[in-house]
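# Structural characterization, general
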Amino acid sequence: DYVFEAMQKALSEKRIQYTAWTGIPELRSAIAAKLKQENNIDVDPDSEIIVTSGAQEALMVTLMALLNPGDEVLFHEPCYVSYEPLIRLAHGRPVPVRLGRESGFRLTRERIEACLTPAARVLILNFPNNPTGADLDPGDLAAIADLCRQRDLLVLADEIYGELRYEGPPRSIAALPEMRERTVFLHGFSKAWAMTGYRLGYACAPAPLIDAMMRIHQYTMLCAPILSQEAAVEALREPERDIAPMRETYRQRRNYLLHAFHQMGLPVAEPRGAFYMFPWVGDLGLTSRDFALRLLEEERVAVVPGSAFGAAGEGHVRCSYAAATDLIREAARRIAAFVARLRAAAPETARTLPS
Ligand code: PLP
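Description of the structure in this document.

Criteria and cut-off values
- Residues numbered from 1 in each chain as written.
- Predicted model: local features only at pLDDT ≥ 70, side-chain atom pairs only at ≥ 80, totals over all residues.
- Heavy atoms only, no water.
- Phe/Tyr/Trp six-rings, centres within 6.5 Å; stacked < 30°, edge-to-face > 60°.
- Buried < 20%, exposed > 50% of the residue type's maximum accessible area, 1.4 Å probe, protein only.
- Near = heavy atom within 4 Å.
- Polar contact = N/O pair within 3.5 Å; in protein donor to acceptor, adjacent residues only side chain to side chain.
- Areas by Shrake-Rupley, 256 points an atom, 1.4 Å probe, with all protein chains shown as cover.
- Helix = DSSP H or I, 4+ residues; strand = E, 2+ residues; numbered from the N terminus.
- Nonpolar A, V, L, I, M, F, W, Y, C, P; charged D, E, K, R; others polar.
- Pairing = 2+ DSSP bridges.
- Contact = heavy atoms within 4.5 Å.
- Expected span 1.5 Å × (residues − 1).

## Description of the packing of aromatic side chains
- Scanning the model with the defined rule gives 12 aromatic pairs in all.
- Centre to centre, the rings of phenylalanine 189 and tryptophan 193 are 5.2 Å apart; their planes meet at 55 degrees, and the pair counts as tilted.
- Note on phenylalanine 189: relative accessible area 1%, which makes it buried.
- Ring plane angle 75 degrees and centroid distance 5.1 Å describe the contact between phenylalanine 291 and phenylalanine 338, whose orientation is recorded as edge-to-face.

Structure below.
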């Protein structure tokens, strides 16, 4: 409510102009203070931060600024739906690092190394992850940072779920030794602040990079919406006040859904952050797309087919628990009924039921 009121106040004061292209100074200072407090990263609010229309725009201007035609961008898959199209849009070559449920979607240095060629230039990291909820262990994070230094890779760290981590404090790769200068730290207000429609995000990076990104931003967006920027200053004033209880609620919903999927006999990796769960439905005789379509038609429950998140997502569906707990309980009941019907129709899959 106080974020919404800050926006209303800015509107009533008719603060409806353009802003500085990189964002209002109060917001950039608040972002710099947050990075310092949470990750002990020093960023200069005047030259190393750009405020964008969502993390989405930050992703786009980063890739457009960084890539030459044919440059390879590595990203772990299953992943956020936009990475591959945006890399192509920026004339880069997408290189998925495919992860599987057997490892709990664990990204390791070795997995990345297996996909590296001399054309590799950028590595995208998104932890906690959309769609799996997976997170990086500190040991893997350090080993991946080491690889980036050795192979001169820039990292695009999509930290949009950073506050929604169930175990341990924030940990960005940018905070590791000699990583700040090769990392673009991306964030936004859509997830932990639930401000999706405000369309506000930001990127922090070394000044020459921000300067290159700024040119693209300046000629496409000019600036992020001023009312949203004013609201975001308020959002950053005491973030944990609302985020801590929100995270706790997500944790409870996660535990509930985890139990529900176990009861249904659907294997699922335990999410360590974000608000998604990625159960395996690949033994039920349908593609993930057909599963999602039939679940929608027959039970009025919406999930996203795993194939939307890349080939490595096939056989899974993404369930979001950013919905009211009552709705989630009802959805779980309906999914269980649907799965039971599928199994009854194809009894040979019944062996996947728990004993
Ligand atoms: N990055 C990831 C991993 C996301 O899941 C999303 C939205 O779902 C975005 C970026 C885009 O966020 P925004 O609303 O800030 O543009």
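## Points about the site of the ligand
- Taken together, 13 residues are adjacent to the ligand, and Ala55, Asp158, Ser190, Lys191 and Arg199 come closest.
- In this structure, asparagine 130 approaches the ligand through a side-chain N or O atom, which is 2.8 Å from an oxygen atom.
- Contacts to the ligand include serine 190, whose side-chain N or O atom sits 2.6 Å from an oxygen atom.
- Relative to its unbound accessible area of 400 Å², the ligand is 92% covered by the protein chains.
- Of the residues forming the shell around the ligand, the biggest block, three residues, is contributed by helix α3 (residues 54-66).
- Looking at the shell around the ligand residue by residue, the class counts come to five nonpolar, five polar and three charged.

## Here we look at the sheet that holds strand β9 (residues 304-305)
- The sheet built from three strands is open, its strands ordered β8-β10-β9 with antiparallel pairing. Among the strands making up the open sheet, the edge pair consists of β8 (276-277) and β9.
- Pairing geometry for β8 and strand β10 (residues 317-320), over two bridges, is antiparallel. If you follow methionine 277 over to β10, its bridge partner there is cysteine 319.

## Considering the side chain of glutamate 163
- With respect to the helices and strands, the residue glutamate 163 is situated in the loop between β5 (154-158) and β6 (183-188).
- We classify glutamate 163 as buried; its relative accessible area is 7%.
- Reaching out from glutamate 163, the side chain makes a polar contact with the side chain of lysine 34 at a distance of 2.4 Å.
- Excluding residues within four positions of it along the chain, glutamate 163 makes contact with Lys34, Glu38, His187, Ala192, Trp193, Ile243 and Arg247.

## What about helix α7 (residues 207-220)?
- Taking 1.5 Å of rise per residue, 14 residues should cover 20 Å, and α7 covers 20 Å from first to last C-alpha, within 8% of that figure.
- Among the residues of α7, those classed as buried are Leu209, Ile210, Met213, Met214, Ile216, His217 and Gln218.
- The secondary structure elements touched by the buried residues of α7 are β1 (49-52), α3, β6 and β7 (201-204).
- Downstream of α7 by one or two residues, leucine 222 has phi in the positive range, about 70 degrees.

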